[in-house]
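Architecture and fold: a report
Next come the chains, spelled out residue by residue.
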2 protein chains.
Amino acid sequence: MIDVEELRDCYTPTPSKIVLLVADGLGGLAHPDTGMSELETADIPNLDAMAQESACGLTTPVLPGVAPGSGPGHLALFGYDPLKHQIGRGALEALGIEVELEPGDVAARGNFCTIDDNGLLVDRRANRIPTELSAPICERLDRIEIAGVQVDVFPVQDYRFVLRLRASMGLSAAVTETDPQVTGVEPLLSRPLSPEGQKTAAAVNQFVMRAAQLLREEERANMLMLRGFAKMPSLPSMGSVYRLNPAAIAAYPMYRGLASVAGMKIIPTGRTFADEVETLRENWDRHDFFFIHYKPADAAGEDGDFDAKVRCLEDLDTFIPAIRDLNPDVLMVAGDHATPAIMAAHSWHPVPFMLHSKLTMGQGVRSFDEWACARGAIGSIPATSVMVLGLSHAGKMTKYGP
Amino acid sequence: MIDVEELRDCYTPTPSKIVLLVADGLGGLAHPDTGMSELETADIPNLDAMAQESACGLTTPVLPGVAPGSGPGHLALFGYDPLKHQIGRGALEALGIEVELEPGDVAARGNFCTIDDNGLLVDRRANRIPTELSAPICERLDRIEIAGVQVDVFPVQDYRFVLRLRASMGLSAAVTETDPQVTGVEPLLSRPLSPEGQKTAAAVNQFVMRAAQLLREEERANMLMLRGFAKMPSLPSMGSVYRLNPAAIAAYPMYRGLASVAGMKIIPTGRTFADEVETLRENWDRHDFFFIHYKPADAAGEDGDFDAKVRCLEDLDTFIPAIRDLNPDVLMVAGDHATPAIMAAHSWHPVPFMLHSKLTMGQGVRSFDEWACARGAIGSIPATSVMVLGLSHAGKMTKYGP
């Protein structure tokens with residue numbers, strides 16, 4: 001599997017334009033009643049027509065059999081080996097609500113939970129307390145002060161929040177989680193995993209103790225647990241490695257966050273994919289690479305709603321002509337992973353992929369779906385090869401070796 | 001991607017014979033008027049008939065999306081991971097004119113160029129001065145003497161030459177190039193990239209200064225530039241790793257050079273492919289592995305001449321019966337890379353491949369072209385797997401593991 005910097009000497013700037021359209025959770029599996037996947041079921045004439053003129057294939061997000069989270073799924077499509085470059089849960093959670101992490105900051109994913117009179121866990125999610133109730137609690141926790149460490153608490157949704165710790169000399173994330181993952185026991189203390197983690201573990205335990213006092217009278221959220229302590233990874237920037245001026249257009253904050261970690265410029269946009277496409281059009285002259293993200297298919301797949309996912313794909317299809325009207329030199333349609341509705345979860349299955357340019361060998365793949373793509377000219381490739389393929393088809397790569 | 005030594009314990013000698021026919025620049029892309037590639041357009045009944053009895057597939061020379069030079073393209077077919085084993089431009093250029101490089105030697109690719117009265121570059125290729133004019137200049141430069149370093153200058157073609165530096169203790173190639181890659185500026189001085197490079201950089205700069213004086217009165221080639229400083233890499237030999245007695249037959253010196261770097265015996269031959277096939281026949285009893293190289297298809301592709309490339313493939317086809325008449329146990333037809341005429345350049349596209357033996361699974365691929373091969377029994381494989389496939393089909397590999 002290639003990693004972003006390996007072919008550094010080959011990348012060369014040109015005026016040509018690349019669009020990488022990521023349909024989140026694109027791939028699927030056959031519905032047991034019909035034997036057809038979501039893509040096969042959907043009426044997607046524009047994607048099908050494009051597939052007939054494109055080189056098609058399948059991408060493997062991480063490795064065969066490995067279902068990725070959103071982080072590795074996207075990093076791979078951006079050309080980063082997801083086994084080398086990892087984004088911890090706390091950092092990803094912070095990206096998802098656009099909480100800024102500076103280089104020394106440590107973030108954790110927090111859960112409110114319920115303990116009994118003996119301090120033993122009875123509900124690890126505080127009976128899924130709604131955001132209206134949890135947000136004011138976060139505000140109170142945010143006022144906790146610890147000597148030498150700045151503490152910030154940000155509500156996410158329902159029982160979930162983000163804890164951010166900041167210290168003038170920076171902190172280490174090498175500490176253990178406080179979530180025991182089972183009920184009937186007490187939440188754990190955090191322990192340092194290395195000498196560097198001592199200051200963080202001390203701050204975490206102080207914070208938890210103060211929070212426990214503040215929450216004592218709460219009915220449901222009378223305690224909290226922290227996991228996924230992480231810093232923001234420092235990745236080589238796509239702009240400098242690929243010699244691009246890359247931009248990201250995404251309605252959902254987590255994908256803007258992932259793009260910014262990869263060094264893309266984030267273009268503000270609206271809440272819908274129609275807004276995103278309009279943003280793409282308005283900014284067409286300003287960048288040579290655009291990542292544009294379509295979320296709804298994944299959400300429907302995660303809900304296990306086959307018909308809703310079909311409708312989401314049909315909705316995506318209606319925007320293809322507007323994107324093709326911009327006449328990109330390379331237009332790629334990819335997915336960060338499959339989200340088969342019958343699994344109601346991310347899966348490991350290879351994901352349909354197509355690349356449209358003047359220089360593809362592909363002809364005659366009749367439709368854009370799992371089966372047709374498996375017979376495409378590109379074959380089965382690691383998702384980390386997507387960027388290299390896009391760059392080469394756009395004339396942005398010189399020969400490797402003399 | 002496999003590298004040559006990884007399966008060392010599996011290789012075993014047998015009397016069976018393998019022919020690896022490399023058609024340089026074999027793969028192509030569809031002509032916009034017909035929708036058919038060079039191979040699809042060509043009338044190649046012998047290759048087509050062979051494909052119907054062979055296992056077919058596509059090879060990826062380096063990685064998806066990466067267009068290789070001749071060096072990595074051939075090394076991969078010989079089983080060397082082209083990302084691990086690199087041949088610098090100077091060394092490849094020396095191979096191309098059969099200039100011998102000993103282990104401590106450093107070679108550079110030289111360009112004659114034109115500078116103005118202020119010493120600024122006005123033509124980086126000296127108005128493409130012809131060989132008749134540049135060869136005598138090389139002779140004069142060859143007489144330059146530098147204390148402690150032997151200097152040799154060899155004409156290549158037109159404005160190109162090879163500089164070879166040799167010193168009793170050996171030299172390092174860790175120095176910068178003198179070609180600024182743009183006009184309007186002065187040629188650069190060479191700088192050491194490490195302490196080991198100091199002696200080389202000093203010799204290079206002395207040579208350039210002396211050459212500048214000698215060239216001062218020339219009309220076009222009044223200066224020179226040097227790039228791609230490199231030593232010859234030391235590769236594990238195919239003979240000892242694969243336990244073969246391998247031979248190479250190639251009309252063009254660069255490919256003889258690449259084969260000799262891989263440890264093959266070079267059999268002298270004539271200037272045409274007919275000569276090469278005759279050489280193969282005459283030496284049939286002396287070796288168990290033959291690399292035979294067909295150059296014209298690549299040259300036509302690089303010229304952007306679709307019809308000429310089609311004719312070259314048709315020409316190649318007429319020699320297939322003579323090779324098959326020798327009854328090799330394994331006959332493989334491969335390409336080092338694609339050279340689509342519509343791109344007039346090496347490209348990254350997967351390259352058609354077929355393997356004929358008694359032990360192939362393939363049947364029913366109707367023709368030898370990009371599309372048919374994409375549907376072949378071998379699938380899409382890295383080019384580095386070609387040797388292992390050839391050896392196993394020839395009975396020259398034992399089981400891996402007990």
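A brief structural summary. What you see is a predicted model; the values in this text were computed from it and never measured.

Before going further, it helps to spend a moment on the packing of helix α5 (residues 131-142) of chain A against helix α6 (residues 198-215) of chain A. If you want to describe how two helices pack, look at the angle between their axes and the distance between the axes. All names here are of chain A. Running from amino to carboxyl end, α5 crosses α6 at an angle of 130 degrees, the nearest separation of the two axes being 10 Å. Taken together, the axes of α5 and α6 are oblique relative to one another. When the axes of α5 and α6 are compared, the crossing they make is right-handed. In this structure, α5 contributes Ile137, Arg140 and Leu141 to the contact, and α6 contributes Phe207, Ala211, Leu214 and Leu215. Within the contact of α5 with α6, the residues separate by chemical class into six nonpolar, no polar and one charged.

This paragraph deals with the relation of the copies chain A and chain B. Both copies of the chain are related through a single rotation about an axis accompanied by a shift along the same axis. Once turned by 124 degrees and shifted 0.9 Å along the axis, chain A lies on chain B with an RMSD of 0.2 Å. Both copies are brought into coincidence by an operation consistent with a three-fold rotation axis.

Before going further, it helps to examine the sheet that holds strand β9 (residues 265-266) of chain A. Residues and elements named next belong to chain A. Spatial strand order, β9-β8-β10-β1-β11-β12-β2-β13: eight strands in an open sheet with mixed pairing. The sheet is open, and its two edges are formed by β9 and β13 (379-382), each paired on a single side. Bridge analysis of strand β2 (residues 55-60) against β13 gives four bridges, and the strand direction is parallel. For Thr59, the partnering residue across the bridge sits in β13 and is Ile381. This element, helix α2 (residues 45-52), spans β2, β11 (330-334) and β12 (351-356) of the sheet and lies at about 65 degrees to β12. Across the face of the sheet, helix α9 (residues 273-282) comes into contact with β1 (18-23), β8 (246-249) and β10 (289-294) while running at roughly 170 degrees to β10.

Right, let's get into the packing of aromatic side chains. Following the criterion strictly, the structure yields twelve aromatic pairs over all chains and no others. For the ring pair Phe273(A) and Phe319(A), a centre distance of 5.2 Å and an interplane angle of 85 degrees mean the geometry is edge-to-face. With a gap of 46 residues between them, Phe273(A) in helix α9 and Phe319(A) in helix α11 (residues 306-325) connect regions that are remote in the sequence. We note that Phe273(A), like Phe319(A), is buried. By way of ring pairs, the aromatic residues Phe273(A), Tyr294(A) and Phe319(A) are connected into one cluster. Looking at Lys295(A), its charged tip hangs above the ring of Tyr252(A), at a distance of 6.0 Å from the centre. If you follow Lys17(B) out to its NZ or CZ, it ends over the ring of Trp284(B), 5.6 Å from the centre.

With the exception of glycine, most residues fall at negative phi, and the peptide bonds are largely trans. Although it is not a glycine, Ala126(A) adopts a positive phi angle of roughly 50 degrees. Mapped onto the elements, Ala126(A) comes out in the loop between β4 (121-123) and α5. Of note, the phi angle at Ala344(B) is positive, near 50 degrees, even though the residue is not glycine.

Here we take up a nonpolar patch on the surface. A grouping of Met1(A), Leu63(A), Val66(A) and Leu83(A) is seen on the molecular surface, where their side chains present a nonpolar patch of about 310 Å² in accessible area. Taking relative accessible area as the criterion, Met1(A) reaches 38% and is therefore assigned partly exposed.

One finds Leu7(A), Phe78(A), Met238(A), Tyr242(A), Phe289(A), Phe291(A) and Phe353(A) to be the most contacted residues of the largest nonpolar core, which totals 63 residues. In this structure Tyr242(A) touches Val4(A), Tyr11(A), Phe78(A), Gly79(A), Met387(A) and Leu391(A), once residues within four positions along its chain are discounted. With 55 residues, the next largest nonpolar core counts Tyr11(B), Val99(B), Ala107(B) and Met232(B) among its residues.

A word on the interface of chain A and chain B. Each side of the interface is counted separately: chain A has 22 residues, and chain B has 32 residues. With both chains or domains summed, chain A and chain B bury close to 2,100 Å², and 67% of this area falls on carbon and sulfur atoms. One can count ten residue pairs in polar contact (both at pLDDT 80 or more) joining chain A with chain B. Tallying contributions element by element places helix α13 (residues 386-393) of chain A first for the side of chain A that touches chain B, with four residues.

Let us look at the pairing of strand β11 (residues 330-334) of chain B. Residue and element names in this part refer to chain B. Within β11, five of the five residues are buried, which leaves the element mostly enclosed by the surrounding structure. Burial along β11 is two-sided: the face carrying Val330, Met332 and Ala334 and the face carrying Leu331 and Val333 are both buried. Relative to β11, strand β1 (residues 18-23) is paired through five bridges, and the arrangement is parallel. Across the sheet, Ile18 pairs through a bridge with Val330, a residue of β11.

What follows is about the pairing of strand β6 (residues 160-166) of chain B. Residues and elements named next belong to chain B. The buried count for β6 comes to six of seven residues, which makes it a mostly enclosed element. As paired elements, strand β3 (residues 106-115) and β6 share six bridges and run antiparallel to each other. Across the sheet, the residue bridging to Arg109 is Val162, located in β6. Pairing of strand β5 (residues 150-157) with β6, which is carried by seven bridges, proceeds in the antiparallel orientation.

So, on to the side chain of Asp317(A). All names here are of chain A. Locating Asp317 in the fold gives a position in helix α11. One buried charged residue, Asp317, remains without a salt bridge, the closest side chain of opposite sign being Arg324 at 9.2 Å. Contact partners of Asp317, with chain neighbours within four places excluded, come to Asp43, Ile44, Pro45, Asn46 and Leu47.

Before going further, it helps to examine the side chain of Arg166(A). Residues and elements named next belong to chain A. Here Arg166 lies in strand β6 (residues 160-166). Judged by its relative accessible area of 17%, Arg166 is buried. A distance of 2.7 Å separates polar atoms of two side chains, one belonging to Arg166 and the other to Asp105. For Arg166, the residues in contact, after removing those within four places along its chain, are Glu100, Glu102, Asp105, Gly148, Val149, Gln150 and Leu171.

This paragraph deals with a negative patch on the surface. On the surface, a cluster of negative charge is made up of Glu302(A), Asp303(A), Asp305(A) and Asp307(A). Relative to the assigned elements, Asp303(A) resides in the loop between α10 (296-302) and α11.

On to the state of the cysteines. One pass over the full model with this rule turns up zero disulfides over all chains. As a non-bridged cysteine, Cys312(A) has Cys373(A) as the owner of its nearest cysteine sulfur, 19 Å distant.

Residue and element names in this part refer to chain B. Within the open sheet, the eight strands sit side by side as β9-β8-β10-β1-β11-β12-β2-β13. Their pairing is mixed. This sheet does not close on itself; its edge strands, each paired only once, are β9 (265-266) and β13 (379-382). Along the sheet, helix α11 (residues 306-325) makes contact with β1, β10 (289-294), β11 and β12 (351-356), crossing β1 at roughly 175 degrees.

What follows deals with the pattern of salt bridges. Scanning the model with the defined rule gives 31 salt bridges over all chains in all. Linking Asp3(A) and Lys84(A) is a salt bridge whose minimum nitrogen-to-oxygen distance equals 3.9 Å. Of this pair, Asp3(A) sits in the segment before β1 while Lys84(A) sits in the loop between α3 (70-77) and α4 (89-96), placing them 81 residues apart in sequence. Looking at Lys84(A), the relative accessible area reads 54%, which means it is exposed. Here Arg166(B) and Glu102(B) are joined by a salt bridge, their closest N and O atoms 3.7 Å apart. Here Arg166(B), found in strand β6, pairs with Glu102(B), found in the loop between α4 (89-96) and β3; they are 64 residues apart in sequence, far enough to count as distant.

This part covers α9(A). Residues and elements named next belong to chain A. Restricting attention to buried positions, one finds in α9 the residues Phe273, Glu276, Val277, Thr279 and Leu280. The buried residues of α9 all sit within an arc of 155 degrees when viewed along its axis, so they share a single face. On its buried face, α9 sits against β1, β8, β10 and α11. You can read the cap of α9 off the contacts: a side-chain oxygen lies 3.4 Å from the backbone nitrogen of Ala274, and it is on Thr272.

Calculation notes
- Residues numbered from 1 in each chain as written.
- Chains lettered and ligands numbered in written order.
- Predicted model: local features only at pLDDT ≥ 70, side-chain atom pairs only at ≥ 80, totals over all residues.
- Heavy atoms only, no water.
- Axes fitted to C-alpha atoms, helices over the stretch in contact; angles between N-to-C directions.
- Helix = DSSP H or I, 4+ residues; strand = E, 2+ residues; numbered from the N terminus.
- Parallel < 35°, antiparallel > 145°, perpendicular 65-115°, else oblique.
- Left-handed = near helix turned anticlockwise from the far one by under 90°.
- Contact = heavy atoms within 4.5 Å.
- Nonpolar A, V, L, I, M, F, W, Y, C, P; charged D, E, K, R; others polar.
- Least-squares fit on C-alpha atoms with pLDDT ≥ 70 in both.
- Pairing = 2+ DSSP bridges.
- Phe/Tyr/Trp six-rings, centres within 6.5 Å; stacked < 30°, edge-to-face > 60°.
- Buried < 20%, exposed > 50% of the residue type's maximum accessible area, 1.4 Å probe, protein only.
- Lys NZ or Arg CZ within 6 Å of the ring centre and 35° of its normal.
- Patch = residues over 30% accessible without salt bridge, like charges linked within 9 Å, V, L, I, M, F, W, Y side chains within 5 Å.
- Areas by Shrake-Rupley, 256 points an atom, 1.4 Å probe, with all protein chains shown as cover.
- Salt bridge = Lys/Arg side-chain N within 4 Å of Asp/Glu carboxyl O.
- Core = buried A, V, L, I, M, F, W, Y, C linked by side-chain atoms within 4.5 Å.
- Buried area = accessible area lost by both parts, 1.4 Å probe.
- Polar contact = N/O pair within 3.5 Å; in protein donor to acceptor, adjacent residues only side chain to side chain.
- Lys, Arg positive; Asp, Glu negative; His and termini not counted.
- Charge placed at Lys NZ, Arg CZ, Asp CG, Glu CD.
- Disulfide = S-S within 2.5 Å.
- Arc of directions from axis to C-beta.

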